[in-house]
Each structure stands twice: as C-alpha cells, then as structure tokens.
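Coordinate inspection notes
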Amino acid sequence: MTTALLYRRRAWLFMFLVMALLAPLAGQAQTHSVSGVVTSDDGSPLPGVYVLVKGTANGTATDSNGKYTLNAPADGTLIFTFIGMRPMERPVSGLTTLDVAMEADISELDEIVVVGYGTQKKSDLTGSVSSISSKEIRSVPVASLSQALQGRAAGVQVMQSSNSPGGGVTVRIRGGNSIQGGNEPLYVVDGYPLYNESGPTVSPNDIESMEILKDASATAIYGSRGANGVVIITTKRGKPGKANVQFETYLGFQEVRKKLDMLNATQLAELINEGIANTNGDNPTKPAVAPAFTQEQIDALGKGTDWQDEIFRTAPIQNYYLAMSGGDEKMQYAITGNYFDQDGIVINSNYNRASFRINLDRKMSERLKFSNSLTFTRSKRNQITSDTDGGGGAGVVYGALNFSPTVPVRNPDGTYTIDNRTGAIKISNPVAMANDIENENTTSRVLGTVSAEYTVAKGLTAKVLFGTNLVYEKVGFYLPRSTFAGLQVSGSAYLNNRQSAEWLNENTLTYNRTINDRHTFNILAGYTLQSGTSEEFRANAQNFANDILNNNSLASAQQANPGSSEVFDWGLRSYLARVNYDLDGKYLVTLTGRVDGASKFGKGNKNAFFPSGSVAWKISKESFMSDVQAVSDLKIRASYGITGNQEIGNYQSIGALGTQNFNFDNKLFIGYSPSRMANPDLKWETTEQVNVGIDAGFFNDRLLVTADWYKKKTKDLLFNVPLPVTSGYTTSLQNIGKVQNEGVELGIATINVEGAFTWTTNFNIAANRNKVLDLGNAKDVPTGSASGHLQLANSGILRVGEPVGIFYGLIFDGIFQNAEEIASSAQKNAKPGDRRYVDVKEDGAINSSDRVILGQAAPKFIFGFSNSFSYKGFDLNVFFQGVQGNSLYNINRYEMESMTGISNQSAEVLNRWTPTNPSNTIPRAISTTTSYQVTSRQIEDGSYIRLRNVQLAYNLPSTVLDRIQLTSAKIYISGQNLLTITDYSGYDPEVSRYGQETLSQGTDYGSYPSAKMYLIGVNIGF
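Below, the structure is looked at part by part.

The rules behind these values
- Residues numbered from 1 in each chain as written.
- Predicted model: local features only at pLDDT ≥ 70, side-chain atom pairs only at ≥ 80, totals over all residues.
- Heavy atoms only, no water.
- Helix = DSSP H or I, 4+ residues; strand = E, 2+ residues; numbered from the N terminus.
- Rg over C-alpha atoms; globule rule 2.2 N^0.38 Å.
- Buried < 20%, exposed > 50% of the residue type's maximum accessible area, 1.4 Å probe, protein only.
- Contact = heavy atoms within 4.5 Å.
- Areas by Shrake-Rupley, 256 points an atom, 1.4 Å probe, with all protein chains shown as cover.
- Lys, Arg positive; Asp, Glu negative; His and termini not counted.
- Charge placed at Lys NZ, Arg CZ, Asp CG, Glu CD.
- Pairing = 2+ DSSP bridges.
- Axes fitted to C-alpha atoms, helices over the stretch in contact; angles between N-to-C directions.
- Salt bridge = Lys/Arg side-chain N within 4 Å of Asp/Glu carboxyl O.
- Phe/Tyr/Trp six-rings, centres within 6.5 Å; stacked < 30°, edge-to-face > 60°.
- Expected span 1.5 Å × (residues − 1).
- Polar contact = N/O pair within 3.5 Å; in protein donor to acceptor, adjacent residues only side chain to side chain.
- Core = buried A, V, L, I, M, F, W, Y, C linked by side-chain atoms within 4.5 Å.
- Patch = residues over 30% accessible without salt bridge, like charges linked within 9 Å, V, L, I, M, F, W, Y side chains within 5 Å.

1. Notes on the overall build of the chain
A tally of regular secondary structure across the chain gives 14 helices and 52 strands. Since a compact globule built from 1022 residues should have a radius of gyration of about 31 Å, the 33 Å found for the chain is in line with a globular shape. With the C-alpha coordinates of the chain rotated into their principal frame, the extents come out at 120 × 80 × 60 Å. Taken across its 1022 residues, the chain has 52% of its residues classed as buried. For the chain, restricting intrachain contacts to residue pairs at least 6 apart in sequence, the fraction spanning at least 24 positions comes to 69%. When the accessible surface of the chain is totalled, it reaches about 44,700 Å², and 57% of it is carbon and sulfur. One way to put it: in the chain the 90 positive side-chain charges average out to a point 5 Å from where the 95 negative ones average out.

Set out below in structure tokens:
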C-alpha cells in the first residue's frame, strides 16, 4: 500500500469519527418543541409517563392531564414508559404535536380477570376463560352487550333471534346441552346473577370488561346454573385522581340490506291465468274455469304495488352517553347516563332505552370498604308483528311477500285495501298492519347491589353482599278493523302486566397466604341465598264499537274474556368453596365445589353437589426453557367438573289443576281437573365436562395462542315424554336421555407491526359436534315447530346418534319432464312439470319412510377475525364474523314457490316449467292448492361470512385539544353489515324465528330483515 493511499484512508477515518462525535450536537442544534397528550387505551389521561428522546438523557414526565412538552430532533424518536404499560417508541418525523395511547403490558401487569366471586391473574387461570375488554366492546357500536360478544370469543355463538329494534338474541357457549331446558348462559352483572335474558339491559358503554367462563372448572362455582357457561360483566368504576368527564354520541341511519325479488302485478296475473289453464287441462271432464284476468286488465296492471317498498324505510339511530368518574384514595365514584333510540327499517317499529348508573366505593378505614352498583333502566319497544305463522294472523313482512301486487295500498276513499285478492289467502294489508296495530312493550328495571368488605386479619377478608332485581313490564296490543284479521273480530285488545322482585344475599370469606415464598393459597368459602316472586295478569277482549280507544278501555268491548293471572315463587340456597394452590409459580391446582338447593325440583332431589378440579403447568417457568428465547409463555391446562341446569320453570315436579267448563243442571260452571302429572323424582340436568388447553406466548408475547379441546356429556335430560291417552294426560316431564358436545377452540392474537404505525390482529375459530346419546325408550321423536297455517307440524326429529336440531324430510329431485319419467317413478299420478322426489326406500311410493336428514341448525364452525391499525392519530378497525356448515329452514319458499297463484311469488318462478322451458327447479303453474311437506328445497345452506363492522377514527392532536380545552376527542365513522357472503336466498342467514327455542333453531318465516348501518360518532373527554 502506498504512503499516499495510507494517509488518504486515515484522513477519511478521522473525518468519519469527527462527524460521528458531532452528530448528536448537530441534532441538538436542530431540535424543536414537541408536545402532546398520553392516554390509556380507554382515552383517560396518564399522569407521570416518562418521555425520553432516544439516545439522549433529555426527558420529561406528563402532568396531571397527561400532557408533556420537550425539545427533540426533527428526525429523532421519543420513548414513552409507564409502570403497567407497554413501552412505546414514536418517531418525531418533524411533527410538533405527537399524541400516544398506551396499552396495558400484559406480561408486566399480568392482566387481572374476573372469575366467580373474585379475581385472578390471567396467567394463573387453570380453567377456560375468555376475556373481552372495553376497548374491543367500543370498537363496534352495538345496541346490547350480547351483540358485543358476537365473534369475539372462541366457542361463543351469538345469533340475532329477531332483527327488529330491541329484538332478542340467542347465545350458545360450546353448543347446547339441553333439549327442553334452557340453553342460555348465566349472566352475572357486578355480582348479581341473571338468567333467561336476551342479553341483560346494560348499556355497552358502561362495560369495563366481560369474562366468558366456559369449562366446568370455571363455571362449577355457579353450580346448578353453570352448565351453559357464565358471562361475567363488570361495569366501569371510579379511579383516584382528577375528575374525568366523558361524553360519547353517535348518529346514523339504517337501510334494508337486501330485498327479495318478487313478481310484479302483470307477471302474477299471467301466472294465475296460466295456472288456471294448466288445471283445466288436467281435468278435461270438468267445466273449464275462466281466466282470472282479461288481457285488457293485464295490460292495465303495470308493475302494481311493490309491498316491500311500502313497508321498508331509511331509519335513524342515535345514542348518547355521559359519564363522570373520579375520587380520592378514600372514595371513588362513577356516574353514567345513557339514551339509545333506534327506529326500525320497517315502518312504525322502534326501540328506545334510557339508563342511569351509579357505582360508589368508599374506604371507611384500612380494614373496611363499602361498595355499591345501582342501575335504573327503562326501555320501550314498539314492535310490528313479524316472525309469526302465515294466514290471517300473519305479520308485516310475511304480508309484504304474499299480498298481491295487483291491488293498491289504499282504496279510492283513502281506506286501506282489506282483501288481498278474490280467491287468494286472506291476509292483512302489510302497510295497515305496520301503521295501525298497536304492539307496545314497556319495561322498567332496578338492578343493584351493595356490599361491605372487612379485613378480619392479614390475608383474611369477609364480604357481605345484598342485591335486588326489580322488573315491571307492560304489554299493550290492539288489532284494529283496518286489518283483515281485526275486521273479523271487530277489533281485539290484549293487556299483560308482569312484575317480579328478586333479592340476593352472598356471604363469602377469602383467605390469601404464601408460605416460604413457594406455596401460595387462595381459599374461598361462601353461603348464598336468592329468592324471587313473579306476578302476572293478562286480560283480553274483542268486538268493540270502534277503534278509538284501542286497548285503553277493555270494558267497552262486547266480548270480554275473564283473563288470567299467575303468581310464582322460587328460591335457591347454596354453599360454595374454592381452593387455588400455586407451587413455585409453576404448578397450579384449583378445586371447586358447590351445593345447591332449589325449590324447582322433586321432594327428594332438591339438593345437589357440583364439584370440579383443574391443574395447570407453566412450562415457560422451568429452567430448561430459559434459553428458549422465542417462547415467552407456555402453559398447559386440564380440568374436569360437573355443573347443572335448573331452568325448567316453577312447580314442574308437582301436580297441577286446571280450570274446566262443565254443564250441571243445564247451567255452565267452572271447575277444576288435573292438568299435570306429579313427578317427585324430577331432578337437575347434569353436565360432566373435561377440558384440555394450552396458552402460549411467543416473541415477547407478540404472538399469543390459546387452544382448547373439550367434551361435555349431559344426562338426566328434562323432556316432556308422551303418555298414553288412557292416562288422562298427554305428556309428563321426566329425566331421560343424554346429549354430548365435543369440540375444539383456537384463539390467536398478534402484534404484527409496532411503532408509529401499529397493526394488531385477533382471530378465533371453534368447532362443536353435538350428538344425542340416549332418549330412554323413545326412538325417533318428532320435534321442531314449523307452520300450523301450512299444516306442517314438525321440521325434524330427535334421533340417537344425530345432533339436536336436525331437519328431516324428502329429497327434492327436480321436475318431471315427460310421461315416460313419470311411468318409471314412484309418483304415478304426477303430471309433466310437477315436482319429483327420491324414493329412498325403493318401494314404489313416496311417503314418510322416504324422509332423510336434510341438514342441521347448529353450525360446524364459528369464527371471528378483526384487524386494528393506527397511524398518527388515525385508527382503523375491520371486523369479520361468520358461521359455516349450518342449514336454515326457509318456510317462505313454500308459498313463494307454490305456483298456485294464491299468493305472490318469488321472481324465480319466471323460470317455471312449461313445455317450451324444461326447468328442473321450478314446477309448472297450477290453480289448486297442494299439501306441503318438508323437503330439501326448503332446507338451505345457512353459512355466511359477514363484514360485521368497519370503523375509521381520528384522535385530535393536543394542540387542538388545548385550544378547545379538552383532554381527549375522537371522531369516527362506522359501517355495519356492509358485506355478507352467503348462498341463502332469504333476507338474512342470521335468523331464528322461534327465538331461543332449542328444537326450532334456524327457521325463517316472515322474519324481520337485517339492516346495513352507517354511523358517525364522537367521544370527548373533559
């Protein structure tokens, strides 16, 4: 190497070192002021957060409002650290304002979850528990907390039973255990247990977290009410510090997601005439029937009335929420108010709810603490008639699909059209039904608890809780003369008043002790009492002089029925205990037991014991895992336990008398006769469950995985067994049979990108297989409600070896094309163009023995998939949810494809069979009625993937917040149900006409359609 080259290299090296040394000084010379606000993920300001310029000692801390200001290089990076929060780095990128929202550090804070009668570190759980935070709940504006569950937790299926405003939901956790008993979970709101709720009326804005207890280890502490899972709801409470005021609101509108293509007036008239001609051809020996419409009438009809356009509308929705919280070290408070109002997409349907909540915590001394949770809720639902049977008592949506487009909405004198069409089925004008039928439900509720906690000694705490649940409900109904059904009875009124009062007392002792820094015990023991009384009064009348007073004066009716009234009492007494043991932070054991005594069961079976046990091993804490850097957490769990189901109604174990009319001496008297057989041996349904799970974290918990396998067997099923007529009774409620549920669950949470741009993903999927193991002496039991109007008694059967809720019927095999096909078939009396069915038994006849299983209502898979993105104040959340492998029973298809011309038809019948159009799906037109039966044509695939929600939000920077004197402000736009991928031909695949009825899930008959929703909202902190 030459001397010149050597000196040149040394010169370059010297210059590089000088520049490296001067770079920090140059950066400091080019600094500028950066300010902002640091908040938690719920928008609350965080005081005391340390903000540091990376690579320097230049730093500061946020003030009591979470604000900071410091000098930083334009190309520098700020580091934010706070105890219990995940450290964050954000590039300055020349900004003068930089706001951040910090997330709880699970690995450092070790997230606390609520379990039965206490709390526990998530890392110490030995049972299967899913947790949903307030952040996840707020990411989708919803009307009820049950909707907030949808797609968020593995193994939890939430179905909207009715899409009408305030409509109920059906929730299944790990499938259904019962055939005739309840299958809904137990809800526990701030310690108060509630059952048989279509989602408790708790404002979603009030919820801090929800825990879903799924396996027996987690649910056995609730004993006789834990078999269907438990949803624990914790509402927001005050925290020490500066008073915090939050105001949230959103406004938006809804529109029908999908309309069904129906025939217009001209098309229906042509079909009716064609059907008459075909029927005349079938009966050449009988006098021909004249066409229903002349050609001149058909030419004048045009498109006629689109009844769907007449009943559907663009409907507003609005929500307002105001919360005040704060306090000091001795007393904290949280006071909230909420008003929610939703008009339905069907005219004259509406739901509104107003609630007020106050949560207080008062520390009287170092040993004594008082707390309360109190909620007042009043809701009012104006519901249009839907999801009902067909015919004269049909609902609005059914009417819109079946009422003839050949008639107008109103007569020339302005009155509603009453008659659908001469010769057609007699149903009511759907617009008249929606506008004029009064169907109003008003519910007022007070739900509250008050508790005292006293530290008896070190580690020993006693807690006494008292609670109440008071409900008053009024239903008012009036059917006016403007409807066909109301005209037949000259007006009909119905009133129902129900009030219920419950009280709860819980007394628990909790002991925490650590011995030699190795053995940690948490011991719980308790005694609880709960009791309730329900009173109900019903009255109805008909044949009124006019419709002026509606249901406000039943005495003015000429025909007033005597009405009815009922009073129910029930009680539950329980003893409970739980032991959690932790050895070296690695080996965990939980033992739980509960004894329940319930008034609902037979004399010798009022008490039962429900035990469970579980173990867990934190493998990641073992020394041999210390060098496995990729694994940050690894735990395996196993549990076994027994839980019960007591939801059968009151007094079912004892005999009952019913009123009977009888004639004595030519006079009518009312007497009593036995109406129900006693069963003193009636007892609980019992569910045994085994669960094996794994919780794993990788790459410093950037990837979290939870997987579970479970198997549940429920025995002593409660079922109304048919009795011989000679017994004097039709059925008897008995404990017979067994049902099994077996499944797997997988949940994955990832932090894909972290920094100025963040991207997180949550995915869950679950598969459940349900099977009937035993039905006692019964074999195939007909089940499933269908339609009395169509004379369809059942939709399916209960069969050993098959799931509960299967659909059972004939296999549709296309259309007969010619006489040769008919001659070689089992349907010798058919005509070309008629429907063909498979002769499964191959006996030359089509009858009930040819029925097969056509599908099942329960899905094979359920899943949820959400992605959250944030960048420079912008947040984007995209949430998909869906089910796969289930079937739906579309009863609408019977009449929409009847081809008889009695009611309007689906536009699919334009492809009906004619000699020149050999359709193999739609039969020929006829003019005579036909008998209906369940076939594969009405059983459709109910699978769907739905874009449940998209939300784009912007958080205002601190410079703007300072000017308007706010601590936080976020504005967002949101869209719900914007995209649904499904093959289902009806309005919506998320449907269940019969609500929570287990044996009739997945049925669609005139059901209220779902809506797309568009919202704009704002969240403001003061």
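2. A closer look at the environment of G649
Tracing the backbone through its elements, the reader meets G649 in the loop between strand 30 (631-645) and strand 31 (656-664). Linking G649 and W570, residues 79 residues apart in sequence, is a C-alpha distance of 9.5 Å.

3. As for the sheet that holds strand 40 (residues 792-798)
The strand order 39-40-41-44 describes an open sheet built from four strands, whose pairing is antiparallel. A single partner strand is all that each edge strand has here, and the edge strands are strand 39 (781-787) and strand 44 (852-856). The average undirected angle you get between the axes of adjacent strands in this sheet is 45°.

4. Description of the pattern of salt bridges
According to the stated counting rule, one finds 41 salt bridges in the structure shown. Where R357 meets D206, a salt bridge forms, and the shortest distance between an N and an O atom there is 3.6 Å. Here R357 is found in strand 20 (residues 350-363), whereas its partner D206 is found in the loop between strand 14 (192-194) and strand 15 (207-213), with 151 residues between them in sequence. Take R357: its relative accessible area is 3%, and that puts it in the buried class. As a salt-bridge pair, E745 and K214 come within 3.0 Å of each other at their nearest N and O atoms. Remark: K214 occurs in the loop between strand 15 and helix 5 (216-219) and E745 occurs in strand 37 (residues 738-753); sequence separation between them is 531 residues. The residues E745 and K214 share a single accessibility class, namely buried.

5. A word on the environment of T930
Among the structural elements, T930 can be located in the loop between helix 13 (892-896) and strand 48 (939-941). Sequence separation of T930 and Y954 is 24 residues, and the distance between their C-alpha atoms is 60 Å.

6. Some points on the sheet that holds strand 47 (residues 887-890)
The three strands are arranged 48-47-51 in an open sheet whose pairing can be described as mixed. The sheet terminates laterally at strand 48 and strand 51 (1003-1004), the two strands that pair on one side only. Sheet topology places strand 47 next to strand 48; three bridges connect them, and they run antiparallel. Its bridge partner being in strand 48, L888 is matched across the sheet by E940.

7. Here's the deal with the environment of N679
Among the secondary structure elements, N679 is positioned in the loop between strand 32 (667-676) and strand 33 (685-698). Separated by 248 residues in sequence, N679 and V431 have C-alpha atoms that sit 49 Å apart. Ignoring any residue separated from it by four or fewer positions in sequence, one finds N679 in contact with G602, S653, L733 and Q734.

8. Some words on the packing of aromatic side chains
Inspection of the entire model under this criterion finds 21 aromatic pairs. With a centroid separation of 5.3 Å and an interplanar angle of 25°, the aromatic rings of Y117 and Y222 are classed as stacked. One end of the pair, Y117, is in the loop between strand 8 (112-115) and strand 9 (118-121); the other, Y222, is in the loop between helix 5 and strand 16 (230-235), with 105 residues separating them in the sequence. Taken as a pair, Y117 and Y222 share a single burial class, namely buried.

9. Quick word on the pairing of strand 30
Where strand 29 (residues 607-618) meets strand 30, seven bridges bridge the pair, whose relative direction is antiparallel. By the bridge assignment, S612 is partnered in strand 30 with G641. The pairing of strand 30 with strand 33 spans 14 bridges and is antiparallel. Bridge pairing links A638 to V692 in strand 33.

10. Considerations on helix 6 (residues 265-282)
Taking 1.5 Å of rise per residue, 18 residues should cover 26 Å, and helix 6 covers 26 Å from first to last C-alpha, within 8% of that figure. Along helix 6, the residues classified as buried are A265, T266, L268, A269, L271, I272, N273, G275, I276 and T279. Against helix 7 (295-301) lie the buried residues of helix 6. Capping the start of helix 6 is the job of one residue whose side-chain oxygen sits 3.2 Å from the backbone nitrogen of T266: N264.

11. Describing the side chain of N890
Residue placement: N890 occurs in strand 47. Judged by relative accessible area, which is 3%, N890 ranks as buried. There is a polar contact of 3.2 Å between the side chain of N890 and the side chain of N892. Once you skip the residues sitting within four places of it in the chain, N890 turns out to touch Q938, E940, Y984, S985, G986 and D1004.

12. Quick notes on the nonpolar core
Counting residues in hydrophobic clusters, the biggest one holds 43 residues, and the most contacted among them are W307, I311, V346, V396, V431, Y889 and Y894. Contributions of two or more residues to this core are made by helix 8 (307-311), helix 9 (396-402), helix 10 (430-436) and helix 13. The greatest single-element share of this core, amounting to five residues, is contributed by helix 9. The residues contacting I311, other than those within four sequence positions of it, are I345, V346, I347, V396, V397, A400, P430 and V431. Of all hydrophobic cores here, the second largest spans 27 residues; its members include V156, Y187, I207 and V231.

13. What about unusual backbone geometry?
Backbone geometry at N348 places phi at a positive 70°, although glycine is not the residue there. Along the chain, N348 falls in the loop between strand 19 (331-343) and strand 20. Positive phi values are uncommon outside glycine, yet D584 reaches one of about 60°. The partly exposed category is assigned to D584, whose relative accessible area is 30%.

14. Quick notes on a nonpolar patch on the surface
Side chains of L251, Y320, Y339, F874, L952, I971, I973 and I1016 sit close together on the surface and give an oily, nonpolar patch of about 690 Å² of accessible area. Positionally, L251 belongs in strand 17 (residues 241-256).

15. Considering the pairing of strand 15
Burial within strand 15 is extensive, with six of its seven residues counted as buried. With five bridges joining them, strand 10 (residues 129-133) and strand 15 adopt antiparallel strand pairing. Among the inter-strand pairings, S133 is bridged to a residue of strand 15, identified as S209. Summarising the sheet, strand 15 and strand 16 pair through six bridges and their orientation is antiparallel. Bridge pairing links I207 to T235 in strand 16.

16. Quick look at the side chain of Q332
Along the polypeptide, Q332 turns up in strand 19. Taking the relative accessible area as the measure of exposure, Q332 reaches 12% and is therefore buried. A distance of 3.5 Å separates the side chain of Q332 from the backbone oxygen of E329, its partner in a polar contact. Contacts of Q332, omitting those with residues within four sequence positions, involve G238, K239, P240, G326, G327, N359, L360 and D361.

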